[in-house]
Amino acid sequence: MTQKEDTRILLPVGRIINQSLFVKDQFNDQAVPKYKLEIAFDPEDVEGEGNPIEAALVQCAVEKWGEDIDLDSVKFPYIEGDKLAAKRERKGKPGDAYAGKTVLRADTIYNKDGQDGPGGVQIYNEEVEEVSFMQKDEVYQGCFGQALVQPSAYENSDGDPAIKLYLVAFQKTDDGERLVTPQSHAGAFKPVGRKKQADSEDGGKRRVRKG
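Calculation notes
Residues numbered from 1 in each chain as written. Predicted model: local features only at pLDDT ≥ 70, side-chain atom pairs only at ≥ 80, totals over all residues. Heavy atoms only, no water. Helix = DSSP H or I, 4+ residues; strand = E, 2+ residues; numbered from the N terminus. Buried < 20%, exposed > 50% of the residue type's maximum accessible area, 1.4 Å probe, protein only. Patch = residues over 30% accessible without salt bridge, like charges linked within 9 Å, V, L, I, M, F, W, Y side chains within 5 Å. Areas by Shrake-Rupley, 256 points an atom, 1.4 Å probe, with all protein chains shown as cover. Salt bridge = Lys/Arg side-chain N within 4 Å of Asp/Glu carboxyl O. 1 Å grid on protein atoms, 1.4 Å probe; cavity = no way out; pocket = protein on both sides within 12 Å on 5 of 7 lines; lining within 4 Å. Points joined across faces, edges and corners; volume = space filled by probe spheres on them. Nonpolar A, V, L, I, M, F, W, Y, C, P; charged D, E, K, R; others polar. Arc of directions from axis to C-beta. Contact = heavy atoms within 4.5 Å. Expected span 1.5 Å × (residues − 1). Phe/Tyr/Trp six-rings, centres within 6.5 Å; stacked < 30°, edge-to-face > 60°. Pairing = 2+ DSSP bridges.

Chemist: What is the right way to look at the side chain of S20 in this model?
Modeler: Assignment of secondary structure puts S20 in strand β2 (residues 14-25). Given the relative accessible area of 12%, S20 is considered buried.

Chemist: Please clarify how a nonpolar patch on the surface should be interpreted in this entry.
Modeler: Where nonpolar side chains cluster on the molecular surface, the patch consists of V23, F133 and M134 and spans about 360 Å² of accessible area. Locating F133 in the fold gives a position in the loop between β6 (122-124) and β7 (144-155). Taking relative accessible area as the criterion, F133 reaches 41% and is therefore assigned partly exposed.

Chemist: Looking at this structure, I do not really get the layout of surface pockets. What am I missing?
Modeler: Here the idea is plain: a probe the size of a water molecule rolls over the atoms and shows the empty space left. In this model, the largest pocket occupies a volume close to 550 Å³. As for the largest pocket, its lining consists of 17 residues, and the residues nearest its centre are D25, K36, L37, E38 and R105. Class assignment for the residues of the lining of the largest pocket results in seven nonpolar, four polar and six charged.

Chemist: What am I meant to see in the environment of Y110 here?
Modeler: Looking at the element boundaries, Y110 is found in the loop between β5 (102-108) and β6. Overall, Y110 belongs to the partly exposed group, its relative accessible area being 30%. In sequence terms Y110 and K34 are 76 residues apart; their C-alpha atoms lie 7.9 Å from each other.

Chemist: Can you help me understand empty space enclosed by the protein in this one?
Modeler: Scanning the model with the defined rule gives one cavity of 30 Å³ or more in all. Its volume calculated, the largest cavity comes out at about 50 Å³. Surrounding the largest cavity, F22, K112, G119, G120, V121, I123, E130, V131, S132 and F133 form its lining. Classifying every residue of the lining of the largest cavity gives five nonpolar, three polar and two charged.

Chemist: I tried to follow helix α3 (residues 81-90) on my own but got confused; where do I start?
Modeler: Each α-helix turn comprises 3.6 residues. Residues three or four places apart therefore point the same way. What α3 keeps buried is the set G81, L84 and A85. Mapping the buried residues of α3 onto a view down its axis gives an arc of 100°, with all of them on the same face. For α3, exposure combined with an orientation more than 90 degrees from the buried face picks out K83 and R90. Where α3 is buried, its residues touch β3 (34-41), β4 (79-80) and β5. A positive phi of about 80° marks G92, the residue just after α3.

Chemist: Please explain helix α2 (residues 52-65) as it appears in this structure.
Modeler: A rise of 1.5 Å per residue sets the reference length of α2, with its 14 residues, at 20 Å; its end C-alpha atoms lie 20 Å apart and thus fit the reference within 8%. Looking at α2, one finds that the buried residues are I53, L57, C60, A61 and V62. Backbone geometry just after α2 places G66 at a positive phi near 95°.

Chemist: Would you explain the packing of aromatic side chains in this entry?
Modeler: In total, this model carries two aromatic pairs according to the counting rule given. With a centroid separation of 6.5 Å and 75° between ring planes, the pair formed by F22 and F133 is classed as edge-to-face. In this pair, F22 sits in strand β2 while F133 sits in the loop between β6 and β7, placing the two residues 111 residues apart along the sequence. Residues F76 and Y78 carry aromatic rings whose centres are separated by 6.5 Å and whose planes lie at 25° to one another, so their mutual orientation is stacked.

Chemist: Can you walk me through unusual backbone geometry in this structure?
Modeler: Outside of glycine, negative phi angles account for most residues, and trans bonds account for most peptide bonds. One non-glycine residue, V128, lies in positive phi territory at about 60°. When you line up the elements, V128 lands in the loop between β6 and β7. A relative accessible area of 57% places V128 in the exposed class.

Chemist: I tried to follow the pairing of β2 on my own but got confused; where do I start?
Modeler: If a strand is regular, its side chains alternate between the two faces of the sheet. Where β2 lies against β7, two bridges are found, and the strand directions are antiparallel. Residue pairing for β7: R15 is matched across the bridge by F144. Sheet topology places β2 next to β3; six bridges connect them, and they run antiparallel. Directly across from N18, in β3, lies its bridge partner E38.

Shape is all these values report; function is a separate question.
Spelled out as structure tokens, the structure:
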């Protein structure tokens with residue numbers, strides 16, 4: 001995909017729900033590994049009449065299919081957070097992070113050098129300094145940031161007109177409550193102590209061979 005600078009969209013600040021910005025994620029063996037970002041927004045920040053994000057997506061559709069396109073037939077990339085929350089709750093998982101939000105997803109096969117390879121996408125911190133792989137813990141599920149994306153119009157597998165977002169870069173803007181807390185498995189083990197050294201077993205004296 002050829003990215004055009006003047007059609008890229010800088011999304012407003014949202015909260016990361018899921019991300020694979022440093023290492024590609026592969027949904028299954030048949031899926032193409034990609035860098036991915038799922039981010040939640042207050043609905044009024046990204047959609048609605050007069051909203052600049054929605055206006056840019058509409059313009060993308062018009063450029064692809066013309067002024068006569070029925071916009072109601074276009075599958076825009078907005079995902080209703082309440083539906084995602086309900087789906088998680090049916091599985092016994094918390095869905096609070098999705099509730100009442102509008103969710104957008106973006107992905108890319110390209111790394112920060114524009115190559116289909118490892119290394120992660122372009123990621124920056126609050127001071128617009130590059131976040132390296134060694135600093136990847138600074139960007140986590142639950143923190144806040146904004147993504148630079150490239151909208152693209154296409155026909156989906158059902159033949160319907162649709163818009164998707166390609167991920168270009170991401171900036172972390174603030175910390176937030178982590179959504180994923182590593183589970184401790186220490187309870188599965190018991191202390192074993194250290195083996196006493198041989199010299200402590202004989203009072204610290206070295207045995208002398210008689211010859």
